[in-house]
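Letter by letter, the chains look like this.
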Amino acid sequence: APEGGIIITENGCAMKEKNREEALDPNSSPALAKLKFFHGYISEVHQAISEGANVKGYYAWSFMDNFEWSLGYHPRFGLVHVDYKSQERTVRPVGKWYSKLSKENEIPPLSFVK
């Protein structure tokens, strides 16, 4: 193991969403896929810690939708959806799940956001 532990940075997944409604619907295919990704990944990190891995930190990529140099404004990575025209920001279902994880320091069930 690396001296000083491991910090997981910029871990996330991009989803192609048809529109804002699909991005914010907890039952849509992109929202469920993103939620399952984070739930699965963080569950595995938790398992590794319980087996002795020295994990010091985990950072989701990214807090909100952004411009990617190689891909432009799509697909979207954010825990927070950004309407690029109005600049309105809305927490995605996975962002609500991640918030609960951070506040309570335990992995919420997938059903938490439905």
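Residues numbered from 1 in each chain as written. Predicted model: local features only at pLDDT ≥ 70, side-chain atom pairs only at ≥ 80, totals over all residues. Heavy atoms only, no water.

**Re the pattern of salt bridges**
Put simply, the rule reads: Salt bridge, as applied in this entry: a Lys or Arg side-chain nitrogen positioned within 4 Å of an Asp or Glu carboxyl oxygen. Under the scheme used here, helices are H or I runs from DSSP no shorter than 4 residues and strands are E runs no shorter than 2 residues, and both carry numbers assigned from the N terminus. When accessible area is computed with a 1.4 Å probe and restricted to protein chains, residues below 20% of their type maximum are described as buried, those above 50% as exposed, and intermediate ones as partly exposed.
For the coordinates displayed, the defined rule picks out 5 salt bridges. Between Arg92 and Asp65 there is a salt bridge, with the nearest N and O atoms lying 3.0 Å from each other. Linking Arg92 in the loop between strand S4 (89-91) and helix H3 (93-104) with Asp65 in the loop between strand S2 (55-60) and strand S3 (80-82), this pair joins segments that are 27 residues apart in sequence. Arg92 sits in the buried class, given a relative accessible area of 2%. Taking relative accessible area as the criterion, Asp65 reaches 5% and is therefore assigned buried.

**Re the packing of aromatic side chains**
Stated formally: A pair of aromatic rings is counted whenever rings of Phe, Tyr or Trp (Trp by its six-membered ring) have centres within 6.5 Å, and the orientation is called stacked for planes under 30 degrees apart, edge-to-face for over 60 and tilted otherwise.
Under the defined criterion, the tally for this structure stands at 8 aromatic pairs. Seen from their ring centres, Tyr73 and Tyr84 are 4.5 Å apart, and the 50° between their planes marks the pair as tilted. With Tyr73 in the loop between S2 and S3 and Tyr84 in the loop between S3 and S4, this residue pair connects regions lying 11 residues apart in the sequence. An aromatic cluster of at least three residues, connected via ring pairs, comprises Phe37, Phe38, Tyr41, Tyr58 and Tyr98.

**Describing the packing of helix H2 (residues 29-50) against H3**
Convention followed: The axes are straight lines fitted to the C-alpha atoms, using for helices just the contacting stretch, and the angles between their N-to-C directions are given from 0 to 180°. Angles below 35 degrees are treated as roughly parallel, those above 145 as roughly antiparallel, those between 65 and 115 as roughly perpendicular, and all remaining angles as oblique. Take the far helix as the reference: if the near one is turned anticlockwise from it by less than a right angle, the crossing is left-handed, and if turned clockwise, right-handed. Note on contacts: a residue pair is in contact if any heavy atoms of the two residues lie within 4.5 Å. Any residue outside Ala, Val, Leu, Ile, Met, Phe, Trp, Tyr, Cys, Pro, Asp, Glu, Lys and Arg is labelled polar, Gly included; the first ten of those are nonpolar and the last four are charged.
Orientation of H2 relative to H3, taken along the N-to-C sense of each, is 25°, at an axis distance of 9 Å. If you check the angle between H2 and H3, you find them roughly parallel. Of the two elements, H2 crosses H3, and the hand of that crossing is right-handed. Each of Ala31, Lys34, Leu35, Phe38, His39 and Ile42 in H2 lies in contact with H3, whose residues at this interface are Pro93, Val94, Trp97, Tyr98 and Leu101. A per-class count over the contact of H2 with H3 returns 9 nonpolar, 1 polar and 1 charged.

**Some remarks on the confidence of the model for the protein chain**
To keep things clear, this is the line we draw: The pLDDT value tells you how sure the predictor is about a given residue, anywhere from 0 up to 100.
Per-residue confidence for the protein chain gives a mean pLDDT of 93, with 98% of residues at or over 70. When pLDDT is averaged over each helix and strand of the protein chain, the minimum, 94, is found for strand S1 (residues 6-11) and the maximum, 97, for S4.

**A word on a nonpolar patch on the surface**
Stated formally: Patch definition: residues with relative accessible area over 30% and no salt bridge; like charges joined within 9 Å; nonpolar side chains (Val, Leu, Ile, Met, Phe, Trp, Tyr) joined within 5 Å. Here the accessible surface of atoms and residues is derived via Shrake-Rupley with a 1.4 Å probe, and residues count as covered only by protein chains that are part of the display.
On the surface, Phe67, Trp69 and Tyr73 cluster together to form a nonpolar patch covering roughly 430 Å² of accessible area. Positionally, Trp69 belongs in the loop between S2 and S3.

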